[in-house]
Amino acid sequence: MATQLTRADVQKVALLGRLKLSDAELEAYTQSLGNIIGYVERLNEVNTDDVEPMVHAVELSNVFRADEVRPSLPRADALANAPKSERGFFLVPQILDER
Amino acid sequence: MSYTVIVGLEVHVQLLTKSKIFCGCSTEFNPDHPNVQTCPVCLGLPGSLPVMNRRAFELSLKTAMSLNCQIAPFTKWDRKQYYYPDLPKGYQISQYDLPFSLDGFLEVEVDPTEGTTRRVGIIRAHLEEDAGKNLHDETGHGTDSQVDLNRAGTPLLEIVSQPDLRSAAECKRYLEELRLLLTYLGVSDCNMAEGSLRCDANVNLHVHQPDGQDIPTPIVEIKNLNSFRNVELSLEYEIKRQFEEWQKTGKRLGEVSKETRGWDAARGATFAQRGKEEASDYRYFPDPDLVPVTVTEEELDRIRESLGEFPADRRKRFKEGYLLSNYDAAVIVDQGAELASYYEEVALGCGDAKQAANWVTQDILREMKERNLTIGQFPIRQPVLIALLGKINTKAITIKSAREIFVDLLTEGLEGKPIEPSRIDELVASKGLALVFDVVELDAVIAKIVDKNPKAVADFKSGKQAAVGALIGQVMKEVKGADPQRVRQMLVEKLSQ
């Protein structure tokens, strides 16, 4: 049972990912993403009735660390990649007041 | 036309860990020094990997078990994706379809005087990370917002109640009981001023129709309530607003999409927030950077043993064991574990639980409030109060004298002097407050005062009972430390002769 990926699906995913796609790109991605989904859907042909769902590729569980404080980055390093910063803060384009 | 109010609360509490949930940065509240508690993990830098804080998970288990939740034997973490400047990774690590706990309840005393309770269902509690903090330019002409990521990655427990709450006041009681439980357990300090406890409220009405049917109004979510007072006020406002809206438009649940509103405390009103487009599409998927957690029965048993006494059980025990009223038990227990333990030690030590309750609920709480002290800072410690109340019980001093000494001890303690039980004896002696049992001396003074006050005597004999008061005062002045009850009794006997 093949799922047909539509242009609208790709448009929605692009919006959620904050990607601006040209018409040509939209067309190309509808095609290529559709191919990927079609490829993965071949798995549907496998009988998985007796297979436990897998939540992780690594068969590990209960990996913890102790609650211990370790040194943080110097502030200058933390801010080093920020396009803009001021008085120790990251600066971002003004967030619109939600009122 | 009448209606029933339907409210469910989502409460976010910061857990009391030293370090963040997935990295070793400090969780200290540090608003004056932005971005000094960050690292590649909580900044969301490429290549960094989160590792779960064991203590955060254990505190979560402890809370969920205390809320009577089922603990899932298998749990995992998911990515909730949305864009906001305080969320550096572009997703929040949270729990979606397999939260670690489900289906519990909290008994809430909705009327502490009567002791009536309501069982509020808990849909789930799950463990996630907090976001950072955005600060907006207050001047109004700035173009940038500031972001502080000190808080990003602080462990947060989200506790989602069933829509079991029926009024704004009930919501406040639920939150108070929840906060008390969390502080008794020591899982959170619940400091609302520092944002350790935040609340969203989902509210709608079931409007009763003449034919017996109920029509549900559209659900509104009030976001980011940061005080119990604001929860109560915003709900009161919203309930009224929804009913008016329903009368105007007749729109019912399902006919309009769920609305998100904010609370403007200054205006005392909720306001519609810009609907985030596609906001509901968080595209959750399991976080491949974290592995699942399984919990064994042995671990649960170990945590169960560490839970200690819950506030509700303590109230019950105080009522039954010490014969306290609902009110007294609630006042003492609801102040927190430290005060309740202080009370209990004094009650057992002085052997008069009721007397101890009076002093703790009246004198101590009043002084704590007036002087802005916690019970831990209160200079009169348990052994001293036990000794003082012991003096009342043995009739060595009057309650009035005890109050006087209490204030002296408090003043001296606040001046930094060490307060020992022996100081009480010194004060009793220096102030001449020891009760006088010398009947002969009292008799003589009473006879003298009666002779000196023929008018008061005549008044009394003509039926003015109040006249005796002035005479008691004069006797007490001459014989410091006399028991006023006894003086009254002796005076009345004398005058009635």
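Residues numbered from 1 in each chain as written. Chains lettered and ligands numbered in written order. Predicted model: local features only at pLDDT ≥ 70, side-chain atom pairs only at ≥ 80, totals over all residues. Heavy atoms only, no water.

Before going further, it helps to spend a moment on the overall build of chain A. A tally of helices and strands in chain A yields three helices and three strands. Taken from N to C terminus, the helices and strands of chain A fall in the order α-α-β-α-β-β. Whereas a compact globule of 99 residues would reach a radius of gyration of roughly 13 Å, chain A reaches 23 Å, over 25% beyond that. Overall, chain A is about 55 × 45 × 30 Å in size when its C-alpha atoms are taken along their principal axes. (Helix = DSSP H or I, 4+ residues; strand = E, 2+ residues; numbered from the N terminus. Rg over C-alpha atoms; globule rule 2.2 N^0.38 Å.)

Another point: the interface of chain A and chain B. Listed as interface residues are 37 residues of chain A and, on the opposing side, 59 residues of chain B. A buried area of about 4200 Å², summed over both sides, lies between chain A and chain B, and 57% of it is on carbon and sulfur atoms. The interface formed by chain A and chain B includes two salt bridges. Between Asp-281 of chain B and Lys-12 of chain A there is a salt bridge, with its nearest N and O atoms 3.0 Å apart. Between chain A and chain B we count 23 residue pairs in polar contact (both at pLDDT 80 or more) in total. Within the residue set of the side of chain A that touches chain B, elements represented by two or more residues are α1 (7-16), β1 (64-65), α3 (75-79) and β3 (89-93) of chain A. Along the lines of polarity and charge, the residues of the side of chain A that touches chain B split into 17 nonpolar, eight polar and 12 charged. When β1 of chain A meets strand β2 (residues 52-53) of chain B, the two strands line up parallel, connected through two bridges. Note that in β2 of chain B the partner of Phe-64 of chain A across the bridge is Met-52 of chain B. (Contact = heavy atoms within 4.5 Å. Buried area = accessible area lost by both parts, 1.4 Å probe. Salt bridge = Lys/Arg side-chain N within 4 Å of Asp/Glu carboxyl O. Polar contact = N/O pair within 3.5 Å; in protein donor to acceptor, adjacent residues only side chain to side chain. Nonpolar A, V, L, I, M, F, W, Y, C, P; charged D, E, K, R; others polar. Pairing = 2+ DSSP bridges.)

This paragraph deals with the layout of surface pockets. Residue and element names in this part refer to chain B. Volume-wise, the second largest pocket comes out at about 600 Å³. What lines the second largest pocket is a set of 24 residues, and nearest its centre among them are Arg-179, Leu-180, Asp-334, Gln-335 and Gly-336. Contributing elements (two or more residues each) for the lining of the second largest pocket: α2 (168-185), α6 (326-334), α7 (337-350) and α8 (353-371). For the lining of the second largest pocket, the element with the highest residue contribution is α2, accounting for six residues. Looking at the lining of the second largest pocket residue by residue, the classes come out as 10 nonpolar, six polar and eight charged. Mapping the lining of the second largest pocket onto the domain boundaries places at least three of its residues in each of domain 1 (3-299) and domain 2 (308-431). (1 Å grid on protein atoms, 1.4 Å probe; cavity = no way out; pocket = protein on both sides within 12 Å on 5 of 7 lines; lining within 4 Å. Points joined across faces, edges and corners; volume = space filled by probe spheres on them. Domains from an automatic or database assignment.)

Bringing the packing of aromatic side chains into the picture now. All names here are of chain B. Evaluated as defined, the whole model comprises 13 aromatic pairs over all chains. Note on Phe-318 and Tyr-322: the rings are 5.5 Å apart at their centroids and 50° apart in plane angle, and the pair reads as tilted. Of this pair, Phe-318 and Tyr-322 both sit in helix α5 (residues 311-322), separated by four residues, roughly a single helical turn. As far as burial versus exposure is concerned, Phe-318 and Tyr-322 are alike and both buried. (Phe/Tyr/Trp six-rings, centres within 6.5 Å; stacked < 30°, edge-to-face > 60°. Buried < 20%, exposed > 50% of the residue type's maximum accessible area, 1.4 Å probe, protein only.)

A word on the pairing of strand β12 (residues 197-208) of chain B. Residues and elements named next belong to chain B. Of all the 12 residues making up β12, 10 are buried; the element is thus mostly covered by neighbouring parts of the structure. Bridge count between strand β1 (residues 3-14) and β12: 11 bridges; the pairing is antiparallel. Pairing of Val-7 across the sheet is with Val-203, part of β12. Across four bridges, the pairing between β12 and strand β14 (residues 220-225) is antiparallel. Bridge pairing links Asn-202 to Glu-221 in β14.

With that out of the way, let us pick up the domain arrangement of chain B. As far as domains go, chain B holds domain 1 (3-299), domain 2 (308-431) and domain 3 (439-495). A separation of 33 Å is found between the C-alpha centroids of domain 2 of chain B and domain 3 of chain B.

The next thing to look at is the sheet that holds strand β5 (residues 78-81) of chain B. Residues and elements named next belong to chain B. The strand order across the open sheet formed by three strands is β6-β5-β17, and the pairing between neighbours is antiparallel. Each of the sheet's edge strands pairs with one partner strand only, and the pair in question is β6 (91-94) and β17 (285-286). Pairing between β5 and β17: two bridges, direction antiparallel. Each bridged residue has a counterpart across the sheet, and for Asp-78 the counterpart in β17 is Pro-286.

Next up on the list: the pattern of salt bridges. Residue and element names in this part refer to chain B. Across all of its chains, the model carries 48 salt bridges over all chains by this definition. Here Asp-289 makes a salt bridge to Arg-79, at a shortest N to O gap of 3.1 Å. Here Asp-289, found in the loop between β17 and β18 (293-294), pairs with Arg-79, found in strand β5; they are 210 residues apart in sequence, far enough to count as distant. By relative accessible area, which is 13% here, Arg-79 ends up buried. Glu-170 is the partner of Arg-118 in a salt bridge, and the nearest nitrogen-oxygen pair spans 2.7 Å. On the criterion of sequence distance, the pair formed by Arg-118 in strand β8 (residues 116-129) and Glu-170 in helix α2 is long-range, its members being 52 residues apart. Arg-118 gets classed as partly exposed once you look at its relative accessible area, which sits at 29%. Relative accessible area serves as the criterion here: at 13%, Glu-170 is assigned to the buried category.

This part takes up the nonpolar core. Residue and element names in this part refer to chain B. Counting 71 residues, the largest nonpolar core has Val-7, Leu-9, Phe-57, Ile-159, Tyr-174 and Leu-235 as the members making the most contacts within it. Leave out the neighbours within four places in its chain, and Val-7 touches Gln-162, Pro-163, Asp-164, Leu-165, Arg-166, Cys-171, Ala-201, Asn-202, Val-203 and Leu-235. Membership of the second largest hydrophobic core comes to 44 residues, among which are Leu-373, Ile-375, Leu-388 and Val-428. (Core = buried A, V, L, I, M, F, W, Y, C linked by side-chain atoms within 4.5 Å.)

Moving on, we get to unusual backbone geometry. All names here are of chain B. For Asn-35, which is not glycine, the phi dihedral falls at a positive 60°. Looking at where Asn-35 falls in the secondary structure, it is placed in the loop between β1 and β2. Asn-35 sits in the buried class, given a relative accessible area of 0%. Of note in the backbone geometry, Asp-103 takes a positive phi value of approximately 60° without being a glycine.

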